[in-house]
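Observations on the three-dimensional arrangement
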Amino acid sequence: MLRPMLATPLRALAVALGLQAAPAMAVEEPPLEITAMGSFHVGGRLAEISGQPPRDIVFTPGGPPARVDVNGRYQVEQMYVQWFRPKAERGRVPLLLWHGGGLSGVTYETTPDGREGWLNWFLRRGWTVLNSDAVERGRSGWAPPEVWGAPALHLPVGNPFERFRIGQGQGSYDSDPAKRQVLPGNQFPVEAYDQFPLQLSPRWTTTDAPTIAAYTALVDKVCPCVILVHSQAGQFGFRVAQARPDKVMALIAVEPSSVGDPGRADALRTVPTLMLYGDFIDDDPRWPTIRRTGLDFAGRMRAAGGHVDVVDLPAQGIRGNSHMIMMDRNSGEVAQLIQTWLQQKGLWRP
C-alpha cells in the first residue's frame, strides 16, 4: 500500500498548547482502512403550499406535457450526512465536520489540487467521521420559492479569491491566472484555484434557524461527539453546543465568522474549545472585526469558567494560511495541531 509522507508540526504545539516539541521529521501516514460507510438525512419539516395554479410541464424534450398541481406538502430543510467508520477506532467519540457559507461537505474532501482533505486525514487516525451538507447545500436539497421567499445568493468565481485572503483583496482576481495578484507566501494552492469555484453552492441568508435545528437533530442522533466547524458554521457549532453541552465533548472553531449567544456563554463552561486563526488578517478590511468578535466571545467563555485555547497560527510559526485552512498546502500541519489538542483532552487513544 502506498502511503504519503507528512511533516510533523513543531512550535505551534509547543508554544500554543504547552506541549514538548519533537525534532522535525517526515512520518509515514497511517493506512486508510474503513469497515463501514453510509449516509442519512436528518431534521427538516413539512411545508404547505396552496393557492397556486396548476402547470403544464414538459419533463423530457419532445415528450407530452404533464399537468402538475404544485399545491401540497413539501419536505424541506433536511440535512444530508455521510459517515465513515475506520477499522481501528481510536477517537473516543465521533468527529463531526461542519462547513462554511456557500460551500458543502466537499470542503473536507479532496483539496482543489488533488490532495487528501481533512476527512481522510482524521479517518486515517482512527476517528469515525461524519461530514454533512448543511440545510440548502449540496445533497440536502432546496425548498420551493414559496417556502423560502428570499432569493439565493450566488457568488461569482472571483469572490472567494478576493474575500478568503487568497488574493490581495478587491480587484486582485483576473480570469487569466497569470494576472491574479496572490498574497505573498499564501499557502492556498493557487495553481488549482479554478477547481475551487466548482464547489460553490447557492446559499440563503434567511435559513440559520432551520440549519441550527437540523444540526441539533444530528447531535441528538449521533453524539456525544467532537464538532469541528469552519467560518459560517461557527455560530451553528457554538449555538448547538450551548443547547446540548452534555453531548459536545469538544468544539474546534476554524476561523469562525460568528459565534454563539454571548448572554449564554456560561452554557459552554464544560465544552473545551479550540479557536484557530490563519494569516493575513491584520491587513484585511473585514477579518480584524470578525476575529475580535471571536476573541471577545472566548473571553466571555473564560469568565464563565470555560476553557478556551485560541491559536494565532502565524504567531506560532505556521504562516501563509488563507481562510480555507483545510485546503492550504500546510493543512496537514494544522490538522496535527488539532489532533494533538484532542489527544491532550483525552478524546483520542494513542
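For the structure itself, look to the data block above.
Read on for an overview of the structure. (Residues numbered from 1 in each chain as written. Predicted model: local features only at pLDDT ≥ 70, side-chain atom pairs only at ≥ 80, totals over all residues. Heavy atoms only, no water.)

Let's talk about the overall build of the protein chain
Basically, it comes down to this: Going along the chain from the N terminus, every DSSP run of H or I of four or more residues is numbered as a helix, and every run of E of two or more is numbered as a strand. Our radius of gyration is a C-alpha quantity, and the globule rule it is checked against amounts to 2.2 Å times the number of residues to the power 0.38. Exposure is judged per residue with a 1.4 Å probe applied to protein chains only, and the accessible area is read against the type maximum: over 50% gives exposed, under 20% gives buried, and values in between give partly exposed.
The helix and strand tally for the protein chain stands at seven helices and 12 strands. The C-alpha atoms of the protein chain give 21 Å as radius of gyration, which agrees with the globular expectation for 350 residues (20 Å, within 12%). Along the first, second and third principal axes, the C-alpha set of the protein chain runs to 70 × 50 × 45 Å. When the 350 residues of the protein chain are sorted by exposure, 51% land in the buried category.

Focus on the packing of aromatic side chains
Our working rule: Two rings from Phe, Tyr or Trp (for Trp, the six-membered ring) form a pair when their centres sit within 6.5 Å of each other. Planes less than 30 degrees apart are called stacked, planes more than 60 degrees apart edge-to-face, and all others tilted.
Under the criterion given, the structure shown has 13 aromatic pairs. Consider the rings of Phe161 and Tyr193, whose centres lie 5.2 Å apart with planes at 80 degrees: the pair is edge-to-face. Of this pair, Phe161 sits in helix 3 (residues 159-163) while Tyr193 sits in the loop between helix 3 and helix 4 (208-222); the two residues are 32 residues apart in sequence, bridging distant segments of the chain. Looking at Phe161, the relative accessible area reads 0%, which means it is buried. Taking 6.3 Å as the distance between ring centres and 50 degrees as the angle between the ring planes, the aromatic pair formed by Phe164 and Phe196 counts as tilted. Taken together, the residues Phe164 in the loop between helix 3 and helix 4 and Phe196 in the loop between helix 3 and helix 4 connect sequence positions 32 residues apart. The same class applies to Phe164 as to Phe196, namely buried. Following the ring pairs from residue to residue traces out a cluster consisting of Phe161, Phe164, Tyr173, Phe188, Tyr193 and Phe196.

Comments concerning helix 6 (residues 287-303)
An α-helical segment advances 3.6 residues per turn. Residues three or four places apart therefore align on the same side. For clarity, the threshold we go by: Here the expected span of a helix is defined as 1.5 Å times the quantity of residues minus one. Working definition: the arc comes from the directions between the helix axis and the C-beta atoms, pointing outward to the latter.
A rise of 1.5 Å per residue sets the reference length of helix 6, with its 17 residues, at 24 Å; its end C-alpha atoms lie 24 Å apart and thus fit the reference within 8%. Every buried residue of helix 6 is listed here: Trp287, Ile290, Arg291, Gly294, Phe297, Ala298 and Met301. Down the axis of helix 6, the smallest arc covering the buried residues is 120 degrees, so these residues share one side. The first or second residue beyond helix 6 is Gly305, which carries a positive phi of 100 degrees.

Things to note about the pairing of strand 10 (residues 248-254)
Stated precisely, the cut-off is as follows: Two strands pair if DSSP finds at least two bridges between them. When the strands point away from the viewer, a crossover counts as right-handed if the route from the first strand across the helix to the second turns clockwise.
With six of its seven residues buried, strand 10 lies for the most part within the structure. Pairing of strand 9 (residues 225-230) with strand 10, which is carried by six bridges, proceeds in the parallel orientation. Within the sheet, the bridge partner assigned to Cys225 lies in strand 10 and is Val248. The handedness of the strand 9 to strand 10 crossover, carried by helix 5 (residues 233-243), is right-handed. Two strands pair when backbone bridges link them, and strand 10 and strand 11 (residues 273-277) are joined in this way by four bridges, in the parallel orientation. Bridge assignment links Leu251 to a residue of strand 11, and that residue is Thr273.

Some remarks on the environment of Gly299
Checked against the element boundaries, Gly299 lands in helix 6. In the structure, Gly299 is positioned 34 residues away from Ala265 in sequence and 9.3 Å away in space, judged by C-alpha atoms.

What to know about helix 7 (residues 331-344)
Spanning 14 residues, helix 7 covers 20 Å between terminal C-alpha atoms, matching the ideal 20 Å at 1.5 Å per step. Counting buried positions over the 14 residues of helix 7 gives 11, a clear majority of the element. Within the span of helix 7, buried status applies to Ser331, Gly332, Val334, Ala335, Gln336, Leu337, Ile338, Gln339, Thr340, Trp341 and Leu342. Just beyond helix 7, the residue with positive phi is Gly346, at close to 80 degrees.

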